[in-house]
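Structure assessment
Read off the chains here:
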Amino acid sequence: MEFPPGFLWGVATSSYQIEGAVDVDGRSESIWDRFSRIPGRVVNRDTGAIACDHYRRWQEDIRLMEWLGVSAYRFSIAWPRVVPEPDGAVNQVGLDFYDRLVDGLLEAGIEPFVTLYHWDLPQYRQDSGGWTARDTAHAFAEYAAAVEGRLGDRVRYWLTLNEPWVVAHLGYRTGQHAPGLVGSGKELDVCHHQLLGHGWAAQALRAGNPDHQVGIALNLEPRLARSDHPLDLEAAAGEKGLMNRWFLDPLFGRDYPNYLVELMGWSGRVVADGDLEVVAAPLDMVGLNYYRTEVVGHPGLSDCERPAPLRENPPEITEMGWPVTPSGLGRMLGLLQEYGTKAVYVTENGSAYPDPTPKNGLIDDERRRHYLEVHLDEAARAIKGGAPLKGYFAWTLLDNFEWALGYSRRFGLIHVDFPTGKRTPKASAHWYRKTISSHRH
Ligand code: IFM
């Protein structure tokens with residue numbers, strides 16, 4: 001594997017998944033606090049109330065990152081810490097935490113990558129419609145300006161939203177994520193308001209400092225048709241389009257793709273004059289969250305009706321049920337090149353597996369290590385082929401709150417014993433550390 005000089009090696013996390021301290025220093029309730037308290041929504045009734053206790057143990061976590069040798073750390077800011085009340089007043093005490101964190105990272109020689117929204121919407125915003133309301137996009141930009149005002153003198157890299165597809169489809173269609181709405185019919189409106197919020201937030205960040213590097217983190221995925229049957233092809237094209245082109249087209253200055261608008265019967269009434277210019281604010285970078293490639297078949301088609309042989313099953317499936325398909329990373333980097341992206345960072349990539357019992361004190365998570373290796377290998381190949389890939393963030397530093405799956409899935413390079421908070425690097429962390437030290441120039 002070869003990586004160019006200046007390539008950033010990182011780890012990524014998000015606020016609700018690791019911080020805990022949900023009612024400390026003026027933070028108000030988020031939609032995930034509310035959602036996780038509803039019986040049946042999260043496995044084992046887990047919540048992020050304590051999580052990895054990172055709010056208190058952040059210095060120890062920076063030491064772990066120093067030990068890993070990473071050059072960058074991607075984390076998110078909790079909106080309900082910064083603007084806890086509907087009146088919009090900024091809670092400087094909430095920002096103090098991130099201020100200390102950023103200083104600590106810079107002292108350790110680690111570049112902070114800030115994500116402004118990784119799903120912990122203030123509950124009061126949900127009470128007035130959440131992302132179905134245009135006002136939430138305005139409020140997001142105001143919140144972005146407040147964070148920039150406090151951290152913008154030291155933070156250079158900004159990601160506005162994390163995975164807007166997940167927010168819209170899991171939050172407002174399937175109901176698996178907060179706010180848990182099933183079949184609201186509003187998921188495409190939610191996409192638009194998030195993208196609008198992204199555009200206004202990008203303007204606010206650049207008004208603070210035109211040199212900021214501004215982007216958005218998208219979960220892009222290839223979706224392959226199960227067979228050549230026209231119904232399978234159509235199903236795969238629809239799903240793939242909604243995950244990828246639905247976001248990339250407007251972000252890169254095109255309209256929402258017509259065929260998808262028609263397929264979904266979307267009225268597009270929420271798109272006001274001038275919105276698409278806002279959404280298409282120039283991107284300095286795209287964050288690519290890549291995990292898997294799925295095979296899609298039309299649900300109404302049985303296998304014996306399919307003409308071509310079924311695609312072979314991938315050799316390996318993670319505990320999420322996701323196939324290990326590194327070639328999809330190369331395909332998505334290629335797609336971003338087609339759109340003319342100047343710089344891409346893999347802002348998430350990783351896997352959940354049950355951890356084996358430690359032997360001589362070491363958790364030998366070979367499958368997680370292998371996942372990282374094959375994806376980094378693919379990344380190096382893509383760079384050789386011309387992809388403008390500038391950095392890679394492993395998901396994730398610590399085992400943490402995996403949303404609706406609670407603490408039942410472990411993605412961490414570092415094991416967390418949740419009752420005590422004790423952190424123990426797994427074999428994958430040792431491997432990542434070695435890989436970084438032999439490739440970091
Ligand atoms: O844990 C999540 C993260 O918050 C967003 N991207 C996918 C990860 C694994 O499911």
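Values in this document were obtained by computation on a predicted structure and should not be read as measured data.

**Notes on the environment of Lys240**
Take Lys240: it is sitting in helix 10 (residues 230-251). The exposure class of Lys240 is partly exposed, given its relative accessible area of 38%. Distance in space between the C-alpha atoms of Lys240 and Leu224 is 8.2 Å, their sequence separation being 16 residues. Once you skip the residues sitting within four places of it in the chain, Lys240 turns out to touch Glu221, Arg223 and Arg245.

**Concerning the nonpolar core**
Of all hydrophobic cores here, the largest spans 118 residues; its most connected members are Val11, Trp32, Trp79, Tyr117, Trp131, Trp246 and Tyr432. Other than its neighbours up to four places away in sequence, Tyr432 contacts Trp9, Gly10, Val11, Leu68, Val70, Leu376, Tyr392, Ala394 and Leu413. Formed by 20 residues, the second largest nonpolar core is a distinct cluster that contains Ala12, Met320, Ala343 and Tyr371.

**Regarding the layout of surface pockets**
Volume-wise, the largest pocket comes out at about 900 Å³. When contributions to the lining of the largest pocket are tallied by element, the ones reaching two or more residues are helix 8 (164-172), helix 10 and helix 11 (258-264). The dominant element in the lining of the largest pocket, judged by the number of residues it contributes, is helix 10, at 6 residues. Tallied by class, the residues present in the lining of the largest pocket amount to 21 nonpolar, 11 polar and 9 charged.

**Considerations on the environment of Phe252**
With respect to the secondary-structure elements, Phe252 resides in the loop between helix 10 and helix 11. For the pair Phe252 and Pro84, spaced 168 residues apart in sequence, the C-alpha to C-alpha distance is 33 Å. In contact with Phe252, other than residues within four places in its own chain, are Leu283, Val286, Tyr339 and Thr341.

**Structural notes on empty space enclosed by the protein**
Summed over all chains, the structure comprises 2 cavities of 30 Å³ or more. Here the largest cavity is characterised by a volume of approximately 40 Å³. At the level of elements, helix 2 (31-36) and helix 8 are the ones that each hand at least two residues to the lining of the largest cavity. Of the residues contributing to the lining of the largest cavity, the split by class is 7 nonpolar, 1 polar and no charged. Together, Thr13, Ser14, Ser15, Ile18, Glu19, His54, Tyr73, Phe75, Ser76, Tyr98 and Leu101 line the second largest cavity. At 3 residues, strand 2 (residues 72-76) tops the list of elements feeding residues into the lining of the second largest cavity. Of the residues contributing to the lining of the second largest cavity, the split by class is 5 nonpolar, 5 polar and 1 charged.

**Let's talk about the pairing of strand 4 (residues 157-162)**
Of all 6 residues that make up strand 4, 6 are buried, and the element is covered over most of its length. Strand direction decides the pairing type here: strand 4 and strand 5 (residues 213-219), joined by 4 bridges, are parallel. Among the inter-strand pairings, Asn162 is bridged to a residue of strand 5, identified as Ala217.

**Brief notes about the site of the ligand**
In the vicinity of the ligand, the contacting residues are Gln17, His118, Trp119, Asn162, Glu163, Tyr291, Trp322, Glu348, Trp395, Glu402, Trp403 and Phe411. Within the side chain of Trp395, a nitrogen or oxygen atom sits 3.3 Å from an oxygen atom of the ligand. With the chains in place, 95% of the 280 Å² that the ligand exposes on its own is no longer accessible. Most atoms of the ligand, that is more than half of them, are within 2 Å of grid points of the largest pocket. In terms of residue class, the shell around the ligand is built from 6 nonpolar, 3 polar and 3 charged.

Definitions and limits used
- Residues numbered from 1 in each chain as written.
- Predicted model: local features only at pLDDT ≥ 70, side-chain atom pairs only at ≥ 80, totals over all residues.
- Heavy atoms only, no water.
- Helix = DSSP H or I, 4+ residues; strand = E, 2+ residues; numbered from the N terminus.
- Buried < 20%, exposed > 50% of the residue type's maximum accessible area, 1.4 Å probe, protein only.
- Contact = heavy atoms within 4.5 Å.
- Core = buried A, V, L, I, M, F, W, Y, C linked by side-chain atoms within 4.5 Å.
- 1 Å grid on protein atoms, 1.4 Å probe; cavity = no way out; pocket = protein on both sides within 12 Å on 5 of 7 lines; lining within 4 Å.
- Points joined across faces, edges and corners; volume = space filled by probe spheres on them.
- Nonpolar A, V, L, I, M, F, W, Y, C, P; charged D, E, K, R; others polar.
- Pairing = 2+ DSSP bridges.
- Near = heavy atom within 4 Å.
- Polar contact = N/O pair within 3.5 Å; in protein donor to acceptor, adjacent residues only side chain to side chain.
- Areas by Shrake-Rupley, 256 points an atom, 1.4 Å probe, with all protein chains shown as cover.
- Sits in = over half its atoms within 2 Å of the grid points.

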